[in-house]
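For reference, the chains in residue letters:
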Amino acid sequence: MKREINRISEYYKALPGKVSLVRSALGRPLSLAEKILYSHLLNDKISGFARGVDYVEFLPDRVAMQDATAQMTLLQFIVTEKESTSVPASVHCDHLIMAKDGAEKDLNDALESNREVYDFLKSVCDNHNIDFWQPGSGIIHQVIFENYAFPGGLMIGTDSHTPTAGGLGMIAIGVGGADATEVMAGMGWELKFPKLIGIRLTGKLNGWTSAKDVILRITGMLSVKGGTGSVIEYFGEGAESLSATGKGTICNMGAETGATCSIFGFDKQMSKYLEATGRKEIADLAGSISNDLTGDPEVYDNPEKYFDNYLEINLSELEPHINGPFSPDIATPLSKMKEECEKNGWPADVAAALIGSCTNSSYEDISRAASVIKNALKQNLASKAEIKVTPGSELIRHIAERDGYLDLFREMGAEIFANACGPCIGQWDRKDADKQQVNTVIHSFNRNFARRTDGNPNTYAFVASPEIVAAIAISGKLTFNPLTDTLINRDGKPVMMAEPSGYFLPAEGFGKTEGIETSKGPSRKKKIKINPRSERLQMLSPFARWNGKDFTDMRLLIKVKGKCTTDHISMAGKWLKYRGHLENISHNYMIGATNFFNNQTNKVLNQITGGYSNVPDVAFSYKKKGIASVVIGEENFGEGSSREHAAMEPRFLNVKAIIVKSFARIHETNLKKQGILTLTFADRDDYLRIREDDRISITGLKEFSPGKRLTVILHHSDGSVDKFAADHSYNEAQIEWFRAGSALNLIRKRF
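What counts, and at which threshold
- Numbers given to residues run from 1 along each chain, matching the order in which its sequence is written.
- Per-residue local features are limited, in this predicted model, to residues with pLDDT of at least 70; the limit for side-chain atom pairs, both in listing and counting, is 80 or more; totals at the level of whole chains, interfaces and linings are taken over all residues.
- Values reported for side chains reflect all heavy atoms of the structure, with hydrogen atoms and water molecules removed beforehand.
- The buried label applies to any residue whose accessible area, calculated with a 1.4 Å probe on protein chains only, is under 20% of its type's maximum; exposed applies above 50%, and partly exposed to all values in between.
- Where helices and strands are cited, they refer to DSSP runs of H or I of at least four residues and of E of at least two residues respectively, numbered from the N terminus.
- Working definition: the arc comes from the directions between the helix axis and the C-beta atoms, pointing outward to the latter.
- In what follows, residue pairs with any heavy atoms lying within 4.5 Å of each other are defined as contacts.
- Paired strands, in this sense, are two strands between which DSSP finds at least two bridges.
- All axes are obtained by fitting lines to C-alpha atoms, using only the stretch in contact for helices, and the reported angles, taken between N-to-C directions, cover 0 to 180 degrees.
- Any angle that falls under 35 degrees is termed roughly parallel, while one over 145 is termed roughly antiparallel, one within 65 to 115 roughly perpendicular, and all others oblique.
- Crossing chirality is assigned from the near helix's rotation relative to the far helix, an anticlockwise turn below a right angle marking it left-handed and a clockwise turn marking it right-handed.
- In these notes, a set of buried Ala, Val, Leu, Ile, Met, Phe, Trp, Tyr and Cys residues joined through side-chain atoms within 4.5 Å is what counts as a nonpolar core.

Asks: It is not clear to me how helix 15 (residues 337–344) should be interpreted in this structure. Could you clarify?
Replies: Since the α-helix advances by 3.6 residues per turn, residues separated by three or four positions end up pointing in the same direction. Those residues of helix 15 that sit buried are Met337, Glu340 and Cys341. Projected down its long axis, helix 15 shows its buried positions confined to an angular sector of 100°, all on one face. Structural note: helix 15 exposes Lys338, Glu342 and Lys343 on the side pointing more than 90 degrees away from its buried face. Buried residues along helix 15 sit against strand 12 (321–323), strand 13 (331–333) and strand 18 (459–463).

What follows is the structure in structure tokens.
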């Protein structure tokens, strides 16, 4: 940690001078996002970058990886043959633990079933001086928040909820593994300079309303793509009133708007949290330059002038929300839930309530939810729904146990899962989920796409705050409003639930948990070996370079209808075990996507046989015959997780191009990095021209250059031909990725 503090101290010493230079060069006041981004430029050339247009290279302070994405990231990093990472990095084992029988058994089962993967990750971390957080230590974002995040820093992480660290004033951005590999290898990290969304928070939260309701409301306002390509910057007295972990909740779920990241300026709440978690030195250093760790007053006084979009929310007037089902941006105020349930036919009986995840598992969250449970027990109420609790880290689990909160949940019949992602990412071996019965669950997570929680497409998943989840669990009804409704207790008496109460920070302190972070870097390097017969791990082979010719005679693999998230493209759940084996995990490619031509999932035309089969089988059959294919999609294609496998799988399967109406930021970058041609319809109606048995060509690749359209030619089975123009967002460097076959191929050449 001493080395970390020295790095941060040096950065803070230089920051005021850098901010002053940028302010002078641009001739205007600066937002916090601009101060941090300009202070992390790869070179010192300061320019008035056009937001949403110019690509810029940055030097991040840190790289974070979770175990599912770290496998492919580290397999790529090994190729660079670098002895050590150029920036501090960490791996967190949180994704591979299946929630089923409770924390102790589930953790032991994970240690046994995932031993090969954990040993691989640990050995690579030891060889390359990377911090390794063993299974059970906690969810990546909670552990980062408790140990590494610092105001004014820039971090990238191989998980889409990396922006959680914005709650401590850090620009923290989710990326693919190739991006992380480049930064760890000492290269710059490229990002299109983001647009800025300013959100002023006024008033103060009260009663049943929490920080989670702020982001539930904002996600409803912006939609799942309204924040794409933007940094959301919060300010105002309302922002300053929120706890640091409450700010982290808002930044975490900001990913559901498509935002690049979200951020709050440094304030007293952050300082208190840093001090409480053993980082007083960092708090003091940040406090000495606090004006440079927040936006300039002129920006906040005139937000319409300096932000590309501006919103305002009065926390005093905000009411609790429930978002869903099947999309996190369907936002419903609690007072309207009964009406919406009846209107839409949503099943109101709640089968399970889940509390925790990287979004809501802080001490404040657990204490407030536990206060609801305590009040229910006092009033002789029983829970009508199953309750599952997932602590965010071993630190949180330890103090929640110490302070009696977990015992309250157990008294209500709750099951405590391991300190891991669990049901939030589909790692929940839920009893009878395979029967695909229609049911409703409510959770305090961040995403609720179809199948995501338990693999059942008929599970209606809703998102709310931990305290609302607890209240609805007791009632057993999605339509229950604890602000106005009564419940009948076991004595047959009507009772009302008391408002939740909790604590920003534990009165007795966080304490310490021993044996969580393992030591770094042995004196002797060990050769990394992978069993060639392993089903879990597979060394990577370079993708082929572009052959210099236009793409011709490609087959349509699938024309996707409607929403297509990375969960649809490359499901998690049982497939997580193959995250280190590209060939095996490619057998889940697009199995959740809906085929435009038959409205079915995982059933597409095989143009070789003329019959229908599942998407991976058709893709593998084309690959075996040396036939290239194309994928067609609609809006915000690839929203959701940062999972790089959703880009590596099509590349492995010989998908040459993906043409859509619009891309989600991370997925488009991941596809480009793997050498897949990413195009958008110049005229969105051209999506309708594509037929199921088309043969497709793309011309103009020999003259491929920034801003120049390519031509897509459709050869229909009736002999007719259609043509249309396709746009792209490539710059010169990204075109070189395409020509080289992948960004990793260029890294190989450099090292």
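Asks: Mind showing me how you'd approach the sheet that holds strand 11 (residues 309–314) here?
Replies: Pairing in this open sheet of 4 strands is parallel, and the strands run 10-9-8-11 from one edge to the other. Among the strands making up the open sheet, the edge pair consists of strand 10 (261–264) and strand 11. Pairwise comparison of adjacent strand axes, ignoring direction, gives a mean angle of 20° for this sheet. Relative to strand 9 (residues 230–235), strand 8 (residues 195–202) runs parallel, the two being bridged by 6 bridges. Bridge assignment links Ile197 to a residue of strand 9, and that residue is Ile232.

Asks: Quick question: what am I supposed to make of the pairing of strand 10 here?
Replies: Walk down a regular strand and you will see the side chains alternate between the two sheet faces. Neither face of strand 10 is left uncovered, since the one carrying Cys261 and Ile263 and the one carrying Ser262 and Phe264 both have all their residues buried. Alignment of strand 9 against strand 10, held across 4 bridges, turns out to be parallel. Each bridged residue has a counterpart across the sheet, and for Glu233 the counterpart in strand 10 is Ile263.

Asks: Even after reading the chapter, I still don't get the packing of helix 16 (residues 363–378) against helix 19 (residues 466–475), so can you show me in this structure?
Replies: Any two packed helices are characterised by how steeply their axes cross, that is the angle between the axes, and by the distance between the axes. Interhelical geometry of helix 16 versus helix 19 gives an angle of 25° and a closest axis separation of 8 Å. As far as their axial angle goes, helix 19 and helix 16 are roughly parallel. Crossing geometry of helix 16 relative to helix 19 is assigned as right-handed. Only Pro466, Glu467, Ala470, Ala471 and Ile474 of helix 19 make contact with helix 16, whose side of the interface consists of Asp365, Arg368, Ala369, Val372, Ile373 and Ala376.

Asks: What should I look at first to understand unusual backbone geometry in this one?
Replies: Only a minority of non-glycine residues have a phi that is not negative, and only a minority of peptide bonds are not trans. Going from Gly324 to Pro325, the amide bond is cis rather than trans, its omega being 5°. As for its placement among the helices and strands, Pro325 is situated in the loop between strand 12 and strand 13. Its identity is not glycine, yet Glu81 carries a phi of approximately 60°, on the positive side. Among the secondary structure elements, Glu81 is positioned in the loop between helix 3 (67–80) and strand 3 (89–92). For Glu81, a relative accessible area of 65% translates into the label exposed. The phi torsion at Met590 lies on the positive side, around 65°, for a residue other than glycine. On the secondary structure map, Met590 appears in the loop between helix 21 (582–585) and strand 23 (604–605).

Asks: Looking at this structure, I do not really get the nonpolar core. What am I missing?
Replies: Across soluble globular proteins, nonpolar side chains have a tendency to be buried as a group. Core analysis: the largest hydrophobic core is formed by 205 residues, its most contacted members being Phe409 and Met590. Excluding residues that lie within four positions of it along the chain, Met590 makes contacts with Ile558, Val560, Cys564, His568, Ile569, Val615, Val631 and Phe637. Counting residues in each nonpolar core, the second largest holds 26 residues, with Ala628, Leu679, Leu714 and Phe724 among its members.

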